[in-house]
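So you can see what is in the structure, the chains are spelled out below.
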Amino acid sequence: MNNCCFIIILIMTSLLQISSASAESAKDNYRTYCMQCHGMAGQGMGLNIQDMSVQPRDHTDTKAMSTRTDSELFKVIKEGGLAISKSSLMPPWADTLTDNEIDDLVKHLRKLCQCDNQTK
Amino acid sequence: MNSLNMTTPLGKWLLLTLALFSLVTASPAHAGDLDLLNKHNCSSCHALTGPAPSTLAALWQRKGPDLFYAGNKYRQEWLETWLQNPKRIRPAGMFYMNHIKPGPKRNMVDTSSLSQHLQLNSSDAKSIAATLATLKENRSLIQNEKHDPKLSPGPLGEMMFDKIYGCMACHQIEPGFGGLSGPEVYTAGTRLKAEFMLSYIRSPQAWDTKVWMPNAHLPDNNIQKLVNYMINLSKKSYNE
């Protein structure tokens, strides 16, 4: 292999490593950012809830989760509870998660609740 | 394509570019005498060089706070005191998911999984605090921060922290009250430099890309008020 090709491949590999660092699965993002309040089983029984004035949503509650559209779920994850007139205890994750990661999280929530609501 | 001769001007330029690129992407070096840190094996739990974890997998493995910007974060006198009498600051450890278990009403801290920080003698604590004070990566993040102690939140401080911004969801504002996945804040005023608190609240991700503290995009005045609220909390005495 000549030197020029070697250098180009080296730079491309480095760039790929940097760009791939931000892509995380919904399951891993849920574990890192959501479970602290929504709990290890997603039932709203997180580590932090003891002194909360409003309890976190039970993501396995099919009936309650069915009332939320996918776009509402996207909005509340990205912009926080106040964006859909809910509690400020649900913070905005726009600086933490990409839109694609939030889309994946919405799909993950639909698996947890075993429910659907595609209304836009 | 012909083979590129590295002795030509173009070849040298490419080599120089590659070298510079490697420097930018590699972990930056830092100044300071790290012998004592090595003696106490600090790097087994703390990152002494940056950058912060860029993946969740790396984040989950972190055992203690990153120290490569300790000089920009901690008050040196606090470090010296704390190292001689270390007390847990994060109720659920460095990454809470590694230290919790299911409970009857909520997930609970699994205290059996938590380990005590090494306790140092006064001489080593003083030397290490002085060395940590020289670790100043991320300087650009605080150099423009100006703390204004006059911007007091007054009696609204707790309301801002608890209700308006929901910070207490993850942080304790007194022993036994508040969330457990983040560090306690009632000691933050004595532990942390005000400029660091301002900068960190302004953008946690600028310091720690994958951290589980969100950016609430607070206006500057309210960041100042929250910092002054925490500084006031630190002036109280607590029975622990």
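Parameters and conventions
Residues numbered from 1 in each chain as written. Chains lettered and ligands numbered in written order. Predicted model: local features only at pLDDT ≥ 70, side-chain atom pairs only at ≥ 80, totals over all residues. Heavy atoms only, no water. Buried < 20%, exposed > 50% of the residue type's maximum accessible area, 1.4 Å probe, protein only. Helix = DSSP H or I, 4+ residues; strand = E, 2+ residues; numbered from the N terminus. Contact = heavy atoms within 4.5 Å. Axes fitted to C-alpha atoms, helices over the stretch in contact; angles between N-to-C directions. Parallel < 35°, antiparallel > 145°, perpendicular 65-115°, else oblique. Left-handed = near helix turned anticlockwise from the far one by under 90°. Disulfide = S-S within 2.5 Å.

Because an α-helix packs 3.6 residues into every turn, residues spaced three or four apart end up facing the same way. All names here are of chain B. Within helix 10 (residues 194-202), seven of the nine residues are buried, which leaves it mostly tucked inside the rest of the structure. Within helix 10 the residues assigned to the buried category are Ala-194, Phe-196, Met-197, Leu-198, Ser-199, Tyr-200 and Ile-201. The inward-facing, buried residues of helix 10 abut helix 4 (70-73), helix 7 (139-142), helix 9 (188-191), helix 11 (204-207) and helix 12 (220-234).

This part is about the packing of helix 4 (residues 70-79) of chain A against helix 5 (residues 99-113) of chain A. Residue and element names in this part refer to chain A. Relative to each other, helix 4 and helix 5 sit at 125 degrees, their axes nearing to 9 Å. On the basis of their axis angle, the class for helix 4 and helix 5 is oblique. As for how helix 4 packs across helix 5, the hand of that crossing is right-handed. Between helix 4 and helix 5, the contacting residues are Asp-70, Leu-73, Phe-74, Ile-77 and Lys-78 on the first element and Asp-99, Ile-102, Asp-103, Leu-105, Val-106, Leu-109 and Arg-110 on the second.

Before going further, it helps to spend a moment on the environment of Lys-63 of chain A. All names here are of chain A. With respect to the helices and strands, the residue Lys-63 is situated in helix 3 (residues 62-66). Take Lys-63: its relative accessible area is 71%, and that puts it in the exposed class. Distance from Lys-63 to Cys-115, taken between C-alpha atoms, is 8.0 Å for residues 52 residues apart in sequence.

Overall, the coordinates contain one disulfide over all chains when judged by the stated rule. At a sulfur-sulfur separation of 2.0 Å, the disulfide partner of Cys-113 of chain A is Cys-115 of chain A. Because the sign of the S-S torsion sets the handedness, a value of about -85 degrees for the bond joining Cys-113 of chain A and Cys-115 of chain A places this disulfide among the left-handed ones. In this structure, Cys-113 of chain A and Cys-115 of chain A share a single accessibility class: buried. A disulfide-free cysteine, Cys-34 of chain A has its sulfur positioned 9.1 Å from the sulfur of Cys-37 of chain A, the nearest such atom. Left without a disulfide partner, Cys-37 of chain A is nearest to the cysteine sulfur of Cys-170 of chain B, which lies 4.8 Å away.

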